[in-house]
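Below, each chain spelled out in residue letters.
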Amino acid sequence: MRNTWLQTIKTFQKKLLEWFKSNARDLPWRRTHDPYHIWVSEIMLQQTQVDTVIPYYTRWINRFPAVQTLAQSPVSEVMKHWAGLGYYRRARMLHEAAKTICKKYAGVLPQDTDELRKLPGIGRYTAGAIASIAYNQKAPVLDGNVIRVLSRVEAVSNDISQLKTLNRLWQLAEAYLPDENTGDFNQALMELGATVCFPENPRCGTCPVASLCKAHRFKKEPSFPFNSRREKLLKKNSFTLVLRANGRVLMRRQPTEARWGGLWMFPYWESREAMLQDHSLICTEVGSTAKLKQRMSLTHGFTKYRIKLSVYESRLPDKVKSTHSILGDKNARWIPVAHLPKYALPSPHQKIADEISKDV
Ligand code: SF4
């Protein structure tokens with residue numbers, strides 16, 4: 001029985017690797033085995049689509065071509081090159097880890113997964129990806145795509161929100177890994193999940209391993225993987241104010257510990273009433289009768305939230321000086337609209353900046 005299973009795995013490896021050879025997408029990080037470049041791409045690809053990552057990756061590698069360049073750069077420069085990609089903690093971790101690699105590992109990423117996992121922001125998945133893709137080590141990977149493919153191929157019906165099931169899937173990822181070409185094999189598994197074995201409507205008709213897939217044999221593909229904690233997106237509102245005076249807009253730098261720590265944002269509130277109250281206080285402070293006008297609205301996703309951002313605008317008198325501190329807020333600054341491209345803004349606020357820049 002076990003021998004048959006091992007033989008099936010060998011066939012799976014062969015079919016998948018052959019398919020990958022002629023179907024792999026040409027992605028910039030696939031043209032290199034540089035461990036630092038692989039690491040950057042893996043961190044950027046967490047929670048972010050490939051098409052979004054490509055221009056960020058290219059700009060990042062141009063600006064920070066080596067671990068040393070990244071380690072020696074100021075955090076503001078690092079954040080500026082991440083701005084718009086979301087989940088900003090990833091950029092801070094990359095920066096921290098680059099400094100550690102220079103100090104402890106002479107500027108070279110370690111090959112061993114246990115050593116890699118000691119670095120900030122590198123978990124079991126990322127360590128496996130770097131070790132296998134850059135160093136061809138026999139290290140498995142398990143991300144959402146691999147979970148889907150393996151749970152379908154092996155018809156693993158247990159709940160993937162349980163640690164026990166994830167451990168079982170890690171064991172499968174290890175068992176399926178060949179002795180050679182481990183980097184290609186891991187990438188092939190992820191590629192199959194991303195381009196063929198979709199969560200809904202998998203393209204089993206073009207799948208290279210369809211003859212070995214138990215879920216396909218039972219015609220139960222969408223039932224795998226089973227996740228009892230699949231959450232529905234929660235709706236949230238946010239109210240943003242573009243406060244203008246004399247060709248400038250008021251921006252706030254987010255405190256380091258905040259979600260968008262270090263980035264610049266237009267002032268925002270969680271309720272319209274709170275925004276109206278503060279606007280009225282600001283008008284009293286600067287002697288203005290300015291009215292609020294709705295300018296635009298945007299929606300964006302963050303973890304389990306779907307956030308509707310209503311953007312309002314108010315023009316204060318030109319006598320308001322660039323040194324005028326609004327409501328004593330030390331993190332706020334009046335920035336000329338024309339200078340906004342020099343600042344790092346998270347993606348939704350960048351869209352607002354792009355919109356208001358059209359007025360100038
Ligand atoms: S046969 Fe279908 S369900 Fe099975 S791995 Fe291929 S695409 Fe996924």
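Residues numbered from 1 in each chain as written. Predicted model: local features only at pLDDT ≥ 70, side-chain atom pairs only at ≥ 80, totals over all residues. Heavy atoms only, no water.

The domains assigned to the chain are domain 1 (2-143 + 159-198) and domain 2 (234-357). With centres defined by C-alpha atoms, the gap from domain 1 to domain 2 works out at 37 Å. The partner domain 2 presents 13 residues to the seven residues of domain 1 that form the contact. In total, about 760 Å² of surface goes out of reach between domain 1 and domain 2, with carbon and sulfur atoms giving 60% of it. Scanning the region where domain 1 abuts domain 2 turns up zero salt bridges. Where domain 1 packs against domain 2, one counts zero residue pairs in polar contact (both at pLDDT 80 or more). Counted by class, the side of domain 1 that touches domain 2 contains four nonpolar, one polar and two charged residues. (Domains from an automatic or database assignment. Contact = heavy atoms within 4.5 Å. Buried area = accessible area lost by both parts, 1.4 Å probe. Salt bridge = Lys/Arg side-chain N within 4 Å of Asp/Glu carboxyl O. Polar contact = N/O pair within 3.5 Å; in protein donor to acceptor, adjacent residues only side chain to side chain. Nonpolar A, V, L, I, M, F, W, Y, C, P; charged D, E, K, R; others polar.)

Attention shifts here to the nonpolar core. When a protein is soluble and globular, its nonpolar side chains tend to lie buried together. Membership of the largest hydrophobic core comes to 82 residues, with the highest contact counts inside it found for Tyr36, Trp39 and Trp60. If you count residues domain by domain, this core takes at least three from each of domain 1 (2-143 + 159-198) and domain 2 (234-357). For Tyr36, the residues in contact, after removing those within four places along its chain, are Trp60, Ile61, Phe64, Pro65, Ala66, Val67, Leu70 and Leu109. By size, the runner-up hydrophobic cluster in this structure holds 17 residues, among which are Leu243, Leu250, Tyr312 and Trp334. (Core = buried A, V, L, I, M, F, W, Y, C linked by side-chain atoms within 4.5 Å. Buried < 20%, exposed > 50% of the residue type's maximum accessible area, 1.4 Å probe, protein only.)

A few words on the environment of Lys219. Mapped onto the elements of the fold, Lys219 is located in the loop between helix H12 (214-217) and strand E1 (234-245). Once the C-alpha coordinates of Lys219 and Thr69 are considered, the two residues, 150 residues apart in sequence, prove to be 51 Å apart. (Helix = DSSP H or I, 4+ residues; strand = E, 2+ residues; numbered from the N terminus.)

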